[in-house]
Amino acid sequence: MSLLITRPYYDEGTHYLFYWSGELVKEAQNRGLKYFDLQKDKANRKTVQSYLEKQSPDLIIFNGHGDALCVIGDDKKPIISVSDNIYLLKNKKIFVRACSAGKLLGPEAIRVGATGFIGYKEPFWFLYDEEKFQRPLEDDLAKPFFECSNQVGFSLIKGHAIKEANDSSMKLYTKKISEMLSSKSINTYLIPFLMWNMANQICL
Amino acid sequence: MEEKKDKEYTEDKNSSKEIVELVIARLETMPANVNLSIGDEGSFTVKDLIERVKAEDEIGKKVIELQLSYLRSLKDLPIEENVSVNN
């Protein structure tokens, strides 16, 4: 199995996505998986398309911004879109951690032959602590959002099926929310935001 | 008939105002160092969010939707004991 992961880096949102998806790259490294880490300016349409055509990875994890029809790269232009190069997702397992791609891009990917898709049908939201901005992996506010969504990636990297990966992520959401509700956590205001991502995460 | 419509309008307006106040009250419980990232819409401080909710613009409406969706789900929150997560 091989993995292609994109990690643009140009604003607050992609800053957090970049570092947290780096944990998935580490997991791929630790497992000796063949992987292509298209980070920063390498996360552009031309490079992504070239890797998809020449290396044909089985698993693709897109991080960044997006909308119902596309995922955006480091140059703020689409790297994959329904109207352009969605056919490249044929026979792939895909996880898109970007806003709203689950609405149309996901179903379209399945229509062109993707073997599975996990994404969000609404914007992916997360809270963060501005005092921890320079150390995103130590940010306890952002942590549950990224741990729960990263669970999809960890599970897929370990070779699990798309449904198993989604179930594993859902279990982690449930565990985190449950812990917040049942403990003396002072961060219970996180719960509605975490539940939003949980409710909008779809598996096709 | 006109009177009934006016009454319904006033009730809707009051109810909408109450919802906005409820959401603002919930946001006010968040510490000032908290920011919300909403995709390419950017990042918002708690103060920004409260302003957006008051203005009922697109971001404000989404925040209201999120908070109401949570409040409606309170009766069946996902509480589980000993949830194990298989990696």
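Residues numbered from 1 in each chain as written. Chains lettered and ligands numbered in written order. Predicted model: local features only at pLDDT ≥ 70, side-chain atom pairs only at ≥ 80, totals over all residues.

## Things to note about the overall build of chain A
1) Next: Scanning chain A from terminus to terminus reveals 6 helices and 9 strands.
2) Next: In summary, chain A has a C-alpha radius of gyration of 16 Å against a globular reference of 17 Å for 204 residues, a match within 12%.
3) Next: With the C-alpha coordinates aligned to their principal axes, the bounding extent of chain A is approximately 50 × 35 × 30 Å.
4) Next: A sequence separation of at least 24 residues applies to 63% of the contacts in chain A between residues at least 6 apart. (Helix = DSSP H or I, 4+ residues; strand = E, 2+ residues; numbered from the N terminus. Rg over C-alpha atoms; globule rule 2.2 N^0.38 Å. Contact = placed C-beta atoms within 7 Å.)

## Comments concerning the interface of chain A and chain B
1) Next: Between chain A and chain B, the contact holds 33 residues from the first and 23 residues from the second.
2) Next: If you tally residues by element for the side of chain A that touches chain B, the top one is helix α5 (residues 162–182) of chain A, at 8 residues.
3) Next: Of the residues contributing to the side of chain A that touches chain B, the split by class is 19 nonpolar, 7 polar and 7 charged.
4) Next: The pairing of strand β8 (residues 125–129) of chain A with strand β1 (residues 34–38) of chain B spans 5 bridges and is classified as antiparallel. Counted as the bridge partner of Asp 129 of chain A is Val 34 of chain B from β1 of chain B. (Nonpolar A, V, L, I, M, F, W, Y, C, P; charged D, E, K, R; others polar. Pairing = 2+ DSSP bridges.)

## Points about the environment of Phe 146 of chain A
1) Next: Within the fold, Phe 146 of chain A resides in helix α4 (residues 143–157).
2) Next: Note: C-alpha distance between Phe 146 of chain A and Cys 203 of chain A (57 residues apart in sequence) is 18 Å.

## Quick word on the sheet that holds strand β1 (residues 2–7) of chain A
Residue and element names in this part refer to chain A.
1) Next: If you walk across this open sheet you meet the 6 strands as β2-β1-β3-β6-β7-β9, and the pairing is mixed. At either margin of the open sheet sits one strand with a lone partner, and together these are β2 (34–39) and β9 (201–203). Here the average twist between neighbouring strands, direction ignored, is 10°.
2) Next: In terms of strand pairing, β1 meets β2 through 6 bridges, oriented parallel. Bridge pairing in β2 links Arg 7 to Gln 39.
3) Next: Packed on one face of the sheet, helix α1 (residues 12–30) meets β1, β2, β3 (59–63) and β6 (93–97) and runs near 165° to β1.
4) Next: Running over the sheet, helix α2 (residues 45–54) touches β1 and β2 and is turned about 170° from β2. (Axes fitted to C-alpha atoms, helices over the stretch in contact; angles between N-to-C directions.)

## What about unusual backbone geometry?
1) Next: Positioned with a positive phi, Lys 40 of chain A is a non-glycine residue whose angle comes to about 50°.
2) Next: Structurally, Lys 40 of chain A is set in the loop between β2 and α2.
3) Next: For Glu 56 of chain B, which is not glycine, the phi torsion reads 55° and is therefore positive.
4) Next: In this structure, Glu 56 of chain B sits in the loop between α2 (46–55) and α3 (58–73).

## Side note on the pairing of strand β5 (residues 78–81) of chain A
1) Next: Across 3 bridges, the pairing between strand β4 (residues 70–72) of chain A and β5 of chain A is antiparallel. Bridging from a neighbouring strand, Val 71 of chain A pairs with Ile 80 of chain A of β5 of chain A.

## A short note on the packing of α2 of chain B against α3 of chain B
All names here are of chain B.
1) Next: Look at α2 against α3: their axes get within 7 Å of each other, and the N-to-C directions meet at 95°. Classed by the angle they form, the pair α2 and α3 counts as roughly perpendicular. Side by side, α2 and α3 meet where Leu 49, Arg 52, Val 53 and Ala 55 of the first sit next to Ile 59, Gly 60, Val 63 and Ile 64 of the second.
2) Next: Across the contact of α2 with α3, the residue classes tally to 6 nonpolar, 1 polar and 1 charged. (Parallel < 35°, antiparallel > 145°, perpendicular 65-115°, else oblique.)

## Considerations on the confidence of the model for chain B
Detailed reading of the predicted model is not advised wherever pLDDT is low.
1) Next: In this model, chain B carries a mean pLDDT of 84, and residues with pLDDT of at least 70 account for 71%.
2) Next: Predicted as a complex, the structure gets a pTM of 0.91 and an ipTM equal to 0.93. (pLDDT = per-residue confidence, 0-100.)

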